Amino acid sequence: MREKHLEQANLKNTGAVFPNAARAACRRILPVLITAALAAVSLPGCTTPPDNSSVTMSGMYFDTVVQIEAWGASEEVMEHCKEMCAYYEELLSATIETSEVSKINQAGGEPVTVSSETAGLIAKAIEYGDISNGLFDITVAPASSLWNFTDNEDQTLPDAAALKEAVSHIDYRCIRVEGNTITLTDPEAKIDLGGIAKGYIADRLKEYLKSEGVEHALINLGGNMLALGGRWDGSDFRIGLQRPFADTGTVMASVAISDQSVVTSGNYERYFEKDGVIYHHILDPDTGYPIQNDLDQVTIISDESTDGDALSTTCFALGLEDGLKLIRSLDNVEAVFVTKDGGIHTSSDEISLDTAE
């Protein structure tokens, strides 16, 4: 079964090198997600643990920290999860020059043949572009590349003229998907799957673990949390939600999940403040500037992490009222919205939400 997940490439655990700024950002952001969201995680088990013991893996992929804990899994299975992460990074990363996404971006509008997985994920991202009326747009890269949200001590804003030019190349409708062939009809357009790729990869890791007979696992891709079943003792996983702009590890609420995904997007994850304005990494495709609305955070609870990833960004961009309307129109999806006044708004009473005192 493992070969099924690697059949499209000869896998190498590339140990990709990431910019120092990206590593620094991960160190600042991820501890709360690991300590608060992974409060349920127990200690690593032995090589072939019993069902009530666990094994773990961790590594640096996709410019973020990946952690998996699985109950009753072997070390071999966990090692293969690392190989899968390296494989998908070589397909989907916009920062690795040899990746399939980078080849599309470097093609100058010429058709590029990619794997069925890359083509399928791009097609899925286009669907979310339609659902969101363009607020979720994977061609935002020309604008996002002009911003520095990680080590911008001088609080420098992009040049307005350069940003305006970049925005003219943001339009997901310029992407043509024909089988496994991708064409950008605007040669200056660039794709960045950062808003959906981690969710997709989490889903593939869960699929693989399940195929290996694992029934209980928690997958964490930089805060994208995905549970396979519940905990080994039959209880739910409890995932902590960071209080926006509070000290790392400050939990404002927690949600109970079993066999579900929890993905959060917020304006406090990567940002800087200048003249009283918060400039954060969730950009408006129409302007190239950060979205400004009534929200600090959106958390999506869904069956698949791919959906949660795309919807968390989409709903943050939509704002509270329109975001709630979208979630309530979808099946098997719930959301928690946190407004700037500290209010917590849920899409329904079905959410098992405990707020911190």
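Heads up: these notes are all about the structure in this document. Everything numeric in this text was worked out from a predicted model, so none of it was measured.

## Considerations on the pairing of strand β8 (residues 237-242)
Phase 1 of the analysis: Most of β8 sits out of view: five of its six residues are buried.
Phase 2 of the analysis: Pairing of β8 with strand β9 (residues 251-257), which is carried by six bridges, proceeds in the antiparallel orientation. From the neighbouring strand, I239 faces β9, where its bridge partner is V255.

## Side note on the pattern of salt bridges
Phase 1 of the analysis: Under the definition given, this model contains five salt bridges.
Phase 2 of the analysis: For K206, the salt bridge identified is with D259, shortest N-O distance 3.0 Å. You can see K206 sitting in helix α7 (residues 197-211) and its partner D259 sitting in the loop between β9 and β10 (261-266), a full 53 residues away along the chain.
Phase 3 of the analysis: Judged by its relative accessible area of 12%, K206 is buried.
Phase 4 of the analysis: Among the residues examined, D259 registers a relative accessible area of 34% and is labelled partly exposed.

## Quick notes on the pairing of β10
Phase 1 of the analysis: Of all the six residues making up β10, five are buried; the element is thus mostly covered by neighbouring parts of the structure.
Phase 2 of the analysis: Where strand β7 (residues 224-228) and β10 come together, two bridges link them in antiparallel fashion. Across the sheet, residue L226 finds its bridge partner in β10, namely S261.
Phase 3 of the analysis: Of the strand pairs in this sheet, β10 and strand β13 (residues 295-302) are connected by six bridges, and their pairing is antiparallel. By the bridge assignment for β13, V262 is matched with I301.

## What to know about the sheet that holds β9
Phase 1 of the analysis: One open sheet holds the three strands; their spatial order is β8-β9-β16, and the pairing between them is antiparallel. Unpaired on one side and paired on the other, β8 and β16 (353-355) mark the two borders of the sheet. Strand after strand, the sheet turns through a mean of 25° between neighbouring axes, direction not considered.
Phase 2 of the analysis: Summarising the sheet, β9 and β16 pair through three bridges and their orientation is antiparallel. In the strand pairing of β16, S254 is matched with D354.

## Describing the nonpolar core
Phase 1 of the analysis: By size, the foremost hydrophobic cluster in this structure holds 70 residues, and its most contacted members are I175, L193 and L209.
Phase 2 of the analysis: For this core, the element with the most residues is helix α2 (residues 75-92), which contributes 10 residues.
Phase 3 of the analysis: Ignoring anything within four residues of it in the chain, the contact list for I175 reads I122, I126, I138, T139, I182, T183, L184 and I191.

## A word on the environment of P111
Phase 1 of the analysis: Take P111: it is sitting in the loop between α3 (100-106) and β3 (112-113).
Phase 2 of the analysis: For P111, a relative accessible area of 52% corresponds to the exposed category.
Phase 3 of the analysis: Spatially, the C-alpha atoms of P111 and T181 are 6.2 Å apart, while their sequence positions differ by 70 residues.
Phase 4 of the analysis: Filtering out sequence-adjacent residues up to four positions away, P111 remains in contact with T181, I182 and T183.

## Topic: the environment of V55
Phase 1 of the analysis: Take V55: it is sitting in strand β1 (residues 54-61).
Phase 2 of the analysis: When its relative accessible area of 0% is taken as the criterion, V55 is described as buried.
Phase 3 of the analysis: Linking V55 and A73, residues 18 residues apart in sequence, is a C-alpha distance of 6.6 Å.

Calculation notes
- Residues numbered from 1 in each chain as written.
- Predicted model: local features only at pLDDT ≥ 70, side-chain atom pairs only at ≥ 80, totals over all residues.
- Heavy atoms only, no water.
- Buried < 20%, exposed > 50% of the residue type's maximum accessible area, 1.4 Å probe, protein only.
- Helix = DSSP H or I, 4+ residues; strand = E, 2+ residues; numbered from the N terminus.
- Pairing = 2+ DSSP bridges.
- Salt bridge = Lys/Arg side-chain N within 4 Å of Asp/Glu carboxyl O.
- Axes fitted to C-alpha atoms, helices over the stretch in contact; angles between N-to-C directions.
- Core = buried A, V, L, I, M, F, W, Y, C linked by side-chain atoms within 4.5 Å.
- Contact = heavy atoms within 4.5 Å.

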